[in-house]
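Commentary on secondary and tertiary structure
Spelled out from the first residue to the last, the chains are:
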Amino acid sequence: MERTPWPKLYGVTQTTEAAAARRNPRPTRTPRVHRAWFVAAVTFVTIIGAAAFRSLPGLLIDPLHAEFGWSRGTIGAAVSVNLALYGLTAPFAAALMDRFGIRRVVAVALTVIALGSGLTVWMTAAWQLMLCWGLLVGLGSGSMALAFAATVTNRWFTARRGLVTGILTAASASGQLIFLPLLSWMVETYDWRPAAVTVALAALAVVPFVWLLLRDHPADVGLKPYGATEFVPKPPPVTGAARRAVGVLRSAVRTGPFWLLAGTFAICGASTNGLIQTHFVPAAHDHGLPVTAAASLLAVIGVFDVVGTIASGWFTDRFEPRRLLAVYYALRGLSLLFLPMLLGPAVHPPMIFFIVFYGLDWVATVPPTLALCREQYGEDSAIVFGWVLASHQVGAALVAFLGGVARDVFGSYDMVWYASGALCAAAALMALVIRRRTVPAAPALAV
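1. Examining the side chain of T264
Assignment of secondary structure puts T264 in helix α12 (residues 256-271). Judged by relative accessible area, T264 falls into the buried class, the value being 0%. If we ignore the near neighbours within four places in the chain, the residues touching T264 are Y329, A427, M430 and A431.

2. Digging into the nonpolar core
Counting residues in each nonpolar core, the largest one holds 116 residues, and the members touching the most others are L56, L59, F148, I276 and F280. With sequence-adjacent residues up to four places away left out, I276 is seen in contact with S271, L298, I301, L336, L339, Y358, W362 and W417. By size, the runner-up hydrophobic cluster in this structure holds six residues, among which are V79, A84, A396 and A397.

3. Section: the packing of helix α14 (residues 291-316) against helix α16 (residues 349-361)
Two elements in contact, α14 and α16, have axes separated by 6 Å at closest approach and are oriented at 40°. When the interaxial angle is binned, α14 and α16 end up oblique. Crossing of α14 over α16 shows right-handed handedness. Of the residues in α16, those touching α14 at L297, V300, I301, F304, D305, V307 and G308 are M351, I355, V356, G359 and L360. Classifying every residue of the contact of α14 with α16 gives nine nonpolar, two polar and one charged.

4. Overview of the packing of helix α5 (residues 90-100) against helix α18 (residues 381-410)
In contact at an axis separation of 7 Å, α5 and α18 are set at 155° when each is read in the N-to-C sense. Judged on the interaxial angle alone, α18 and α5 are roughly antiparallel. Between α5 and α18 lies a crossing whose hand is right-handed. Touching A90, P91, F92, A94, A95 and D98 of α5 are A382, I383, G386, W387 and L389, all from α18.

5. With respect to the pattern of salt bridges
Summed over the entire model, instances satisfying the criterion amount to six salt bridges. Of the charged contacts, one joins E375 and R322 as a salt bridge, the two residues approaching to 2.2 Å between their closest N and O atoms. Pair noted here: E375 is in helix α17 (residues 366-377) and R322 is in helix α15 (residues 321-342), with a separation of 53 residues, a long-range link. Residue E375 is classed as partly exposed on the basis of its relative accessible area, which comes to 44%. Sharing partners across several salt bridges, the network here consists of E67, D191 and R193.

The rules behind these values
Residues numbered from 1 in each chain as written. Predicted model: local features only at pLDDT ≥ 70, side-chain atom pairs only at ≥ 80, totals over all residues. Heavy atoms only, no water. Helix = DSSP H or I, 4+ residues; strand = E, 2+ residues; numbered from the N terminus. Buried < 20%, exposed > 50% of the residue type's maximum accessible area, 1.4 Å probe, protein only. Contact = heavy atoms within 4.5 Å. Core = buried A, V, L, I, M, F, W, Y, C linked by side-chain atoms within 4.5 Å. Axes fitted to C-alpha atoms, helices over the stretch in contact; angles between N-to-C directions. Parallel < 35°, antiparallel > 145°, perpendicular 65-115°, else oblique. Left-handed = near helix turned anticlockwise from the far one by under 90°. Nonpolar A, V, L, I, M, F, W, Y, C, P; charged D, E, K, R; others polar. Salt bridge = Lys/Arg side-chain N within 4 Å of Asp/Glu carboxyl O.

In structure tokens, the structure reads:
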């Protein structure tokens, strides 16, 4: 009789433990290859698909100018809207991922990119270019921005974050590498419309992979984050995505490091997406270089960008990120000052050296910038990085527009190269200042 309560108590205990396991599953054994690396691989492929559209704007300037008679400033304005929304959407997308999950937000974003790119084939007026390529593709791509990579990295990885950030950042360049030669060949051989359709199909092709393979959190599959010593439960959905994004911004703008990071990253965007990616092909064409050759040079930038960004992630895990940023910006600015002397009707070894050098430095700034955001802002770092990325794209948008205006006014891009080189020198100095302002900024953030 004394033993009769034990089976009942055992059953109650088992039932309670089973319910707890369902709510907070734990792995029975550690897999040989951690699931985080598969999630990173899917994220890499997803960003490649989304990056296809970013290869096209620089190839469209001359064809749209020839077909519709639109000024380069008008076309550059549409590109600038795209670039600005790419950045301004990112912090809200990071908050939406906390609310609805990574998989849903990314799938919808890819669909919007495909819709905007596909509709451009029927446009006849400049406002339609603004709507399709500027608004729709800008909003969709903004949800696929580097804040997406930051969210995946923060959730799935505790160790190797710098390396993973570099790999995911390099995915954008890999998309450029894959699609630039193909798209430039299409534009040169057929028309710009088949190229736009190709971008739409590439974005749609990635959606099934996202829906079937991507997971929002390691707890969804009963795993610890890679490198973590303890199991991390999946946090509940966060409501009020827009309010949270604005609230994080309101807190961050009270700290000095935010403005320095935003300022340096704005110059990064101005000297990459806004300048080289948008205007290098038409600038090289002005000097007699064929469009396909200029686009191939951009693709080579993509090759070395992959190497440089992954290496930068490795360096960020081992060296002071502020000093890395200063070196990256200083070398970038110096190279831009020599570019006007290198452009010509043929590709010479000095131009190849510039392309390789600029490729290694293209977005090598991302891993140390994200590391500084994580260091300064902790759990809100993905959203803060989204706002810093917004400044990156605002800088890119301004130069995409002003570069086209400068070409219309001065008849060349020389002034734009020199001004961008000077801005990069200023960014190098700003990066060094971050170190001195980190300590006094921390109490303000804690409050």
